[in-house]
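The primary structure of each chain is shown beneath.
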Amino acid sequence: MAEHDITLTVNGNEQELTVESRTLLVHALRDELGYTGPNVGCESSMCGACTVHVDGKAVKSCTMLAVQADGTDVTTVEGLDQDGEFHPIQEAFQEEHGLQCGYCTPGMMMTAVDFLDDHDDPGREEIREALEGNLCRCTGYQNIVNAVETASNKMGGSGAAAGGDD
Amino acid sequence: MSIETEDPSEIDPAEILGSAIERREDPALITGDAEYTDDIQIPRMTHMAVKRSQHAHARIEDVDTSEAEAMDGVVDVFTAEDIDVPGSLPVGWLLETLEQVDHPILAGEKVRYQGDGVAIVVAEDRYTAQDALDAIDVEYERLDAVTDPSDALNGGPEIHDDAADNVAFEWEIGNADETEEAFEEAAHTVDLEVENQLLIPNAMEPRAAVADYNPSDNQIDLAMTTQNPHVHRLLMAGVIDHPENKLSIRAPDVGGGFGSKIHHYADEALTAWAAKQVERPVKWVATRSETYQTDALGRGHETHGQVAMDEDGNITGLKVDTKANLGAYLSTFAPSIPTYLYGTLLSGQYEIPAIHCEVTGAFTNVPPVDAYRGAGRPEASYIVERLVKHAAEHMDMDPAEFRRQNFVPGDAFPYETPVAMVYDSGDYEKTLDRALEMLDYEEFRERQEAAREEGRYLGVGFSAYIEACGIAPSELVGQLGAQAGLWESSLVRFQPSGTVTAYLGTSGHGQGHDTTYSQILASELGLDIEDIDIVEGDTDEIPQGMGTYGSRSAAVGGSALVQSARKVVEKAKKIAAHQLEASEDDIEFEDGEFRVAGAPDRSMHIQDVAGAAYLAHDMPDDVEPGLEASSFYDPENFVFPFGMHAAIVEVDPDTGEIDFETYVAVDDVGNQINPKIVEGQIHGGVAQGVGQALYEGAEYDENGQLLTGSMQDYTVPKAMHVPEMETDSTVTESPHNPLGVKGVGEAGTIAAPQAIVNAVVDALEPFGVENIEMPLKEERVWRAIHENGGDA
């Protein structure tokens, strides 16, 4: 199996590593570099638990080879909080009880952050559609949708307060 | 009505029980700091993979591992021949007629479902382990397979030598003669045949295990995805013939379970056994395909139900005949699910004088079937509520009023059903009335009428569910066949500085126990929540435990916690009395403070008492130093949450598409420790019920090949599949435990499917549709409409 020397900048830290051609980005992050925030739920891009940002865009790291990510900036859930302060999406997930077992949560939040970067004031249906690539078996999604709405407000969106199910 | 969370630091300990505080476990889970089993790395760790049968039923003729063994990076390969321990998975619940069959951790002679393990590879890394599986050559002689319980029972291929006609057991409950009589005397009878399809649990975290063996002291440390580490330890000690006190099992963070992580599977035992063989740490992580092939399935019933009524629509009898699919082997608690957790709930919320239920358990060539969220109770509630809908229609009565008329009246509790349960407390009209109000029911019926005239088909469906949870009184379940007591244990320990650690035998995996148990303890001891630490899921730290399932953690675990906390207060009171130079009888305890009655300035905080107890310089006679207490709490009865769920849907007759207009859930789970967590449990439960009603179902072809073997083919509901839910609750305390709590973990899953199916059938009433089998996929709905010509 051919090996490749690659460079990844993960959460701002430049890391050099050697990977096989077939090594998945998620396994490079988890097993080689110790970023265990992205979780493996299906290895088929269906569940989204492994979602990270590659050059600022949400990507399912189980369906990208590590070698394809050579030279990119990768952000995992570990890189969301800044200087000990939670990112608004993290605050919102806690406030709205947007998680239970937490396994899908890192991927769910990374998808939501990418979505909110491009959408100022999304409606609930729009949020539900945006999360279609991220499965959650615990929450029934309602409080996740609330959390994304709340995060949108915190991030300066003009949307109404969360709890639109009232 | 979304519940707002509160910041725990702003809440007085006296108010904390019942507050919707934010969860304490969240910071680790939202930062990536959580530790799931696959996150664990140990130096020199190897990776295990399991060679699984591609056939559902076949004799094994030869297993050639030589090529795999010769591969670079392969540490060792093992087959059934190498297993030098008992290696047969036990059954934890026996029935009188049960055929116990051998369930080897690696199949040697025969495979009985697609996914049955044949060999294991231990390799230096996970990719090599997978590669080596392909190099193992297994020769099979294929046999006919059967996946449907009725087919299996009616001349299907023999799956086990010991189980003639594939009968695993025959079981009945209730009074056959009285029920027969009720039907003979009935003014009206209705009947319905329904299927409750096989479901794949789909916890987001696949099962996994990491074992580390230390030969110098014969110690195995096993981290694994478990809902009940102590139960797994007890069972596994026998399976791999290892002393129980040299096997430590720890549940790291666990990514959902829904029942699928209760059972003792082969893989985790193989991981522990393999670590002992290779004397290196071994990690096994299921791929999603493996979870689809091997996680214990849920449901799998084919049922004929009949209702007898008098001329006024009062239910006088209920007869149920069920064929239950048990899969290829008996999973850990499998025999109890379609029997004692099913037949005993067939009275629903209704006063039914005579009930009789017969269940035949069938072996088939699908993976073992066991508890999945609700476990038996969804199947019971489904047949009862589908029959009730059908009966109301037959009587031309409003389905809500038909239910009201047949409810167990509010003043009849405790209420003994004809199927061996004594309901603790209930007030069924209250949840019905609230649901009707939230639906704006009368207005809906007018809208429905008007819509039909425009060729639009709206329907409302009700589900008046009951469940038995808080499993369970040990003596009772012992009489019914359980091979375990179902108490729960706790230990509450003050440290000398006044902080507290509580150890519980339950094992949360997303339910927020850290938060709710802290709330209970803060309230009992009058402490700030920050001074409390909760420990679960580790056989090394927690003395004993039975685990988390059956919505038991609050009712049984919470009660065990209260019991220990009260013992601690009792001891602390003796010490405080001594220190305050007062009689124990004069000491009052409130908000953490021991006070001398009538002399409020003479007081001592329980945290200072803890300090004094460990200092032990000045203790009362006959009181030992230290401040801790443990207890085993054995519930005196099940607890019986109930509620009314209702859905309003619109069905497009041209496409069979179903749209939700409203989903209403009114639940009564007794006192609520944290209403936000209760709401979350209802939401999640309903989503799984929506999944069963509309999308999910394990399907196999005639050879027993799984057709829904990936998330592509088996629809786990996505965000846009789940309706917005309107939730509310009433509170009817359980008299059976100190917290007055019932249970909430399974309520939504039990309640939702029949609310939705009833709504769709109601919508399609003009087309003469009486039943559609779940999942209500568009094609099925369309066919049901067009079966009768498609004319409204």
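Residues numbered from 1 in each chain as written. Chains lettered and ligands numbered in written order. Predicted model: local features only at pLDDT ≥ 70, side-chain atom pairs only at ≥ 80, totals over all residues.

Asks: Looking at this structure, I do not really get unusual backbone geometry. What am I missing?
Replies: Peptide bonds are trans in most cases, and residues, glycine excluded, mostly fall at negative phi. All names here are of chain B. Residues I471 and A472 are joined by a peptide bond in cis, for which omega reads 0 degrees. In this fold, A472 is placed in the loop between β18 (457-466) and α13 (474-480). P775 follows M774 through a cis peptide bond whose omega is -10 degrees. Residue placement: P775 occurs in the loop between α18 (747-763) and α19 (778-787). Here A616, not a glycine, exhibits a phi torsion of approximately 60 degrees, which is positive. (Helix = DSSP H or I, 4+ residues; strand = E, 2+ residues; numbered from the N terminus.)

Asks: Sorry if this is basic, but what is going on with the interface of chain A and chain B here?
Replies: Frequently, the measure chosen for interface size is the accessible area that the parts lose on association. Contacts between chain A and chain B engage 49 residues on the former and 45 residues on the latter. Counting only elements with at least two residues in the side of chain A that touches chain B, the list comes to α2 (88-95), α3 (105-118), α4 (124-130) and α5 (142-154) of chain A. Top contributing element to the side of chain A that touches chain B by residue count: α5(A), with five residues. Residues that form the side of chain A that touches chain B fall into these classes: 20 nonpolar, 18 polar and 11 charged. (Contact = placed C-beta atoms within 7 Å. Nonpolar A, V, L, I, M, F, W, Y, C, P; charged D, E, K, R; others polar.)

Asks: Is there a simple way to explain the packing of α2(A) against α3(A) in this structure?
Replies: Between two packed helices, both the angle of their axes relative to each other and the distance between the axes serve to describe the pair. Residue and element names in this part refer to chain A. α3 packs onto α2 with a crossing angle of 125 degrees between their chain directions and a minimal axis gap of 10 Å. In terms of axis orientation, α2 runs oblique to α3. Helix-helix and strand crossings are classified by hand; for α2 and α3 the assignment is right-handed. In contact with I89, Q90 and F93 of α2, α3 contributes T105, M109, A112 and V113. Among the residues forming the contact of α2 with α3, the class breakdown is five nonpolar, two polar and no charged. (Axes fitted to C-alpha atoms, helices over the stretch in contact; angles between N-to-C directions. Parallel < 35°, antiparallel > 145°, perpendicular 65-115°, else oblique. Left-handed = near helix turned anticlockwise from the far one by under 90°.)

Asks: Help me out: how do you make sense of helix α16 (residues 606-615) of chain B in this one?
Replies: Owing to its 3.6 residues per turn, the α-helix aligns residues three or four sequence positions apart on the same side. Residue and element names in this part refer to chain B. For α16, the set of buried residues is I606, Q607, V609, A610, A612 and A613. Contacts made by the buried residues of α16 are with β19 (488-494), α14 (513-525), α15 (553-579), β23 (593-596) and β24 (599-605). At the exit of α16 stands A616, carrying a positive phi of roughly 60 degrees. (Buried ≥ 20, exposed ≤ 12 C-beta atoms within 10 Å, placed from the backbone.)

Asks: Can you walk me through the domain arrangement of chain B in this structure?
Replies: Residues and elements named next belong to chain B. Each assigned domain of chain B is listed here: domain 1 (38-143 + 206-254 + 261-294), domain 2 (301-471 + 637-787) and domain 3 (487-633). Contacts between the two partners involve 24 residues from domain 1 and, on the opposite side, 23 residues from domain 2. Taken together, the residues of the side of domain 1 that touches domain 2 break down into 10 nonpolar, 11 polar and three charged. (Domains from an automatic or database assignment.)

Asks: Looking at this structure, how should I read the pairing of strand β9 (residues 208-214) of chain B?
Replies: Successive residues of a regular strand alternate their side chains across the two faces of the sheet. Residues and elements named next belong to chain B. Judged by how many residues are buried, β9 sits mostly within the fold: six of seven residues are covered. Where β9 meets strand β12 (residues 282-285), four bridges bridge the pair, whose relative direction is antiparallel. Residue pairing in the sheet places A211 in a bridge with V282 of β12. Relative to strand β10 (residues 219-224), β9 is paired through six bridges, and the arrangement is antiparallel. In the sheet register, D212 faces β10, and the bridge partner there is D221. Where β9 hands over to β10, the hairpin turn is made up of four residues, of which N218 adopts a positive phi near 60 degrees. (Pairing = 2+ DSSP bridges.)

Asks: Is there a simple way to explain the sheet that holds β23(B) in this structure?
Replies: Two strands in a sheet stick together by hydrogen bonds in their backbones, pointing the same way (parallel) or opposite ways (antiparallel). Residue and element names in this part refer to chain B. Spatially, the three strands line up as an open sheet ordered β22-β23-β24, and their pairing is antiparallel. Each end of this open sheet is capped by a strand with a single partner; those strands are β22 (587-590) and β24. For this sheet, the mean angle separating the axes of adjacent strands, direction not counted, is 30 degrees. Lying over the sheet, α15 contacts β22, β23 and β24, oriented at roughly 130 degrees with respect to β22.

Asks: Looking at this model, I keep getting lost on the environment of A:A112. Mind explaining?
Replies: Residues and elements named next belong to chain A. Tracing the backbone shows A112 in helix α3. By the C-beta count within 10 Å, which is 28 here, A112 ends up buried. A C-alpha to C-alpha distance of 24 Å links A112 and L33, two positions 79 residues apart in sequence. Setting aside residues up to four positions removed in sequence, A112 forms contacts with I89, V148 and A151.

Asks: Explanation requested: the nonpolar core in the structure shown.
Replies: Side chains of a nonpolar character, in soluble globular proteins, are inclined to be buried together. Residue and element names in this part refer to chain B. Counting 305 residues, the largest nonpolar core has V121, V609, I756 and V760 as the members making the most contacts within it. Among the elements that line this core, the one with the most residues is α15, at 12 residues. Leaving out residues up to four positions away in the same chain, I756 has contacts with G461, A647, V649, V690, A693 and L694. (Core = buried A, V, L, I, M, F, W, Y, C linked by C-beta atoms within 7 Å.)

Asks: I keep staring at the domain arrangement of chain A and nothing clicks. Help me out?
Replies: All names here are of chain A. Per the domain assignment, the segments of chain A are domain 1 (3-79) and domain 2 (88-154). For domain 1 versus domain 2, the separation of C-alpha centres amounts to 21 Å. At the interface, 14 residues of domain 1 touch 11 residues of domain 2. Every element with two or more residues in the side of domain 1 that touches domain 2 is listed here: β3 (51-54) and β4 (57-60). Among the elements that take part in the side of domain 1 that touches domain 2, β3 stands out by supplying three residues, more than any other.

Asks: Sorry if this is basic, but what is going on with the confidence of the model for chain B here?
Replies: Caution applies to low-pLDDT regions: their predicted coordinates should not be interpreted in detail. On average, chain B scores 97 in pLDDT, and the residues at 70 or more come to 100%. The complex prediction reports pTM at 0.97, with the ipTM value standing at 0.97. (pLDDT = per-residue confidence, 0-100.)

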